[in-house]
Amino acid sequence: MSESIKYLLQEQDIPTHWYNLVADLPEPPAPVLHPGTGQPVTPDDLAPLFPMAVIMQEVSQDREIEIPEPVREALAQWRPSPLCRARRLERALDTPARIYYKYEGVSPAGSHKPNTAIAQAFYNKQEGVKRITTETGAGQWGSALALAGSFFGLEIEVYMVKVSFDQKPYRRAFMETFGATCVASPSDQTESGRAILKEHPNSNGSLGIAISEAVEMAAKRDDTKYALGSVLNHVLLHQTIIGQEALRQFEMADDYPDMVIGCTGGGSNFAGIAFPFIGRKLRGEQDIEVVAVEPANCPSLTKGKYAYDFGDTAHLTPLAKMYTLGSTFVPPGFHAGGLRYHGMAPLVSQLTALNQIAPRAYKQAECFDAGVEFAKAEGIIPAPEANHAVKAAIDEAVRCKETGASKAILFNLCGHGHFDMQAYTDYFAGKLYDQEYDESEVAMALAGLPSVATG
Ligand SMILES: *Cc1c(COP(=O)(O)O)cnc(C)c1O
């Protein structure tokens, strides 16, 4: 038997519907509030920013939402993605655990992000939009939207967090190859950007700031809308294709995970793999342990507050109830750029508050230890973000060795690290410091949370 086992589905096995977790929640999600009035937002409030089809998905209660055929066709370029059994890693760890990973690095952008970029580009095109603005942290989302824009004939403008813009020139070149424009954020092209630069001329930027810039630009022009790569319900919805495929692949494997693990920045890859399994648990069909892994430097789920907050720094976005470190918190510039967000998806937050998810935080150096161990065994270099999930999976497998438990562990290998080799270079040079985040800054950001009359 070969060393690595892959469970491969055919093109016709790409799910026909996305899975909407909202249908199975014990209580409805807290409403999203208008930043000006404090009242629940209406679809019309969101219309300047998003196409109506996407807004209706954002508020849908239907369990299943059909995936349009052109979206399935575009996804078929790399989907279904493989589910792999990590036999060499199991052997290296000498563990009785069965370790599986769903590999999303097979997409053209190298991560799970195109799963929603393709869908969002399709709906924008269908509604006559010409141009989409967005933000990107590590560059993965910008790359995914640039790709989707070129598939569907849309102009894409990307505000890229400054620290990543400087660290990852190849990501910028990637986006430009697909015809997108890439701007370092904070920039002098928007009011939000200029306001930040005035106070902090050397700002590293943050996702919160870049979102403000992209939203501001989209709101200014009629032919332009905005797209978000994580956090919102519709983005999580589009990612559920990952977990649905995994369910079928576990049938092929004649196995079922005892634990599912994902890293969490805004929560979308985690939700993508976990929600279909959590849905089965909520419906009483099959139990599962669910672990969300975040960076110790930006620990929204483990150290944040579950409260209404803004999605961005300049407070242009609606208010959502979520675990947050405060919208003005700027995390230190560590390498898992995709995990540097102050908040967490409302649906992931709600599940965490309901004790359906066990969150944990790791420091970056120990995550790279795990990523390198995984790479040596399995031949895939994970993205720095994905290393957080790898670390949790390895920890669990080692615990299985100690206790003799034979668990099946599934984690989402949400992207490869081929554009992140500078991070690995720094790691090998011993230059990956675990810079602590400033607790007083979090306290200050949390003290500034908007006061909202709930009831
Ligand atoms: C964007 C990104 C993340 C973080 O975003 P989520 O919405 O939490 O998934 C994690 N890993 C990779 C590879 C990413 O590109």
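Definitions and cut-offs
- Residues numbered from 1 in each chain as written.
- Predicted model: local features only at pLDDT ≥ 70, side-chain atom pairs only at ≥ 80, totals over all residues.
- Heavy atoms only, no water.
- Helix = DSSP H or I, 4+ residues; strand = E, 2+ residues; numbered from the N terminus.
- Domains from an automatic or database assignment.
- Contact = heavy atoms within 4.5 Å.
- Buried area = accessible area lost by both parts, 1.4 Å probe.
- Salt bridge = Lys/Arg side-chain N within 4 Å of Asp/Glu carboxyl O.
- Pairing = 2+ DSSP bridges.
- Axes fitted to C-alpha atoms, helices over the stretch in contact; angles between N-to-C directions.
- Expected span 1.5 Å × (residues − 1).
- Buried < 20%, exposed > 50% of the residue type's maximum accessible area, 1.4 Å probe, protein only.

Novice: What am I meant to see in unusual backbone geometry here?
Specialist: For residues besides glycine, phi is generally negative; the peptide bonds are generally trans as well. Residue P80 is reached from R79 by a cis peptide bond, and omega for that bond is -10°. In this model, S185 is joined to P186 through a cis peptide bond whose omega is 5°. Among the structural elements, P186 can be located in the loop between β8 (181-185) and α9 (191-199). Phi is positive for D94, which is not a glycine, with a value near 55°. As for its placement among the helices and strands, D94 is situated in the loop between α4 (87-93) and β5 (98-103). At N355, a position not held by glycine, the phi torsion is positive, near 60°.

Novice: How should the domain arrangement of the protein chain be read in this particular structure?
Specialist: The parts lose accessible area when they come together, and the size of an interface is often stated as this lost area. You can read the domains of the protein chain as domain 1 (13-67 + 113-233) and domain 2 (78-110 + 240-447). Computed over C-alpha atoms, the centres of domain 1 and domain 2 are 21 Å apart. Across the boundary between the two partners, domain 1 contributes 56 residues, which contact 53 residues of domain 2. A buried area of about 4500 Å², summed over both sides, lies between domain 1 and domain 2, and 65% of it is on carbon and sulfur atoms. Where domain 1 meets domain 2, there are three salt bridges. For D24, the salt bridge goes to R283, with nearest N and O atoms at 2.8 Å.

Novice: Would you explain the sheet that holds β5 in this entry?
Specialist: Whether parallel or antiparallel, the strands of a sheet pair through hydrogen bonds between backbone atoms. With respect to topology, seven strands assemble into an open sheet ordered β1-β4-β5-β15-β10-β11-β14, the strand pairing being mixed. In this open sheet, the two edge strands, each paired with only one partner strand, are β1 (5-7) and β14 (358-362). Taking each pair of neighbouring strands and ignoring which way they run, the sheet shows an average axis angle of 25°. Here five bridges tie strand β11 (residues 289-295) to β14, and the two strands are oriented parallel to one another. Looking across to β14, one finds that V291 is bridged to A358. The strands that helix α16 (residues 364-378) touches are β4 (83-85), β5, β14 and β15 (408-413); relative to β14, the one it contacts most, it runs at about 95°. Contacting β5, β10 (259-263), β11, β14 and β15, helix α17 (residues 386-403) crosses the sheet at an angle of about 170° to β15.

Novice: Which parts of the structure should I look at to understand helix α5 (residues 114-126)?
Specialist: Quick reminder: α-helices carry 3.6 residues per turn. Residues three or four places apart thus point the same way. End to end, α5 covers 18 Å across 13 residues, agreeing with the expected 18 Å (1.5 Å per residue, within 8%). Counted residue by residue, α5 has eleven buried out of 13 residues, so it is predominantly covered. Just downstream of α5, G128 is the residue with a positive phi angle, here 80°.

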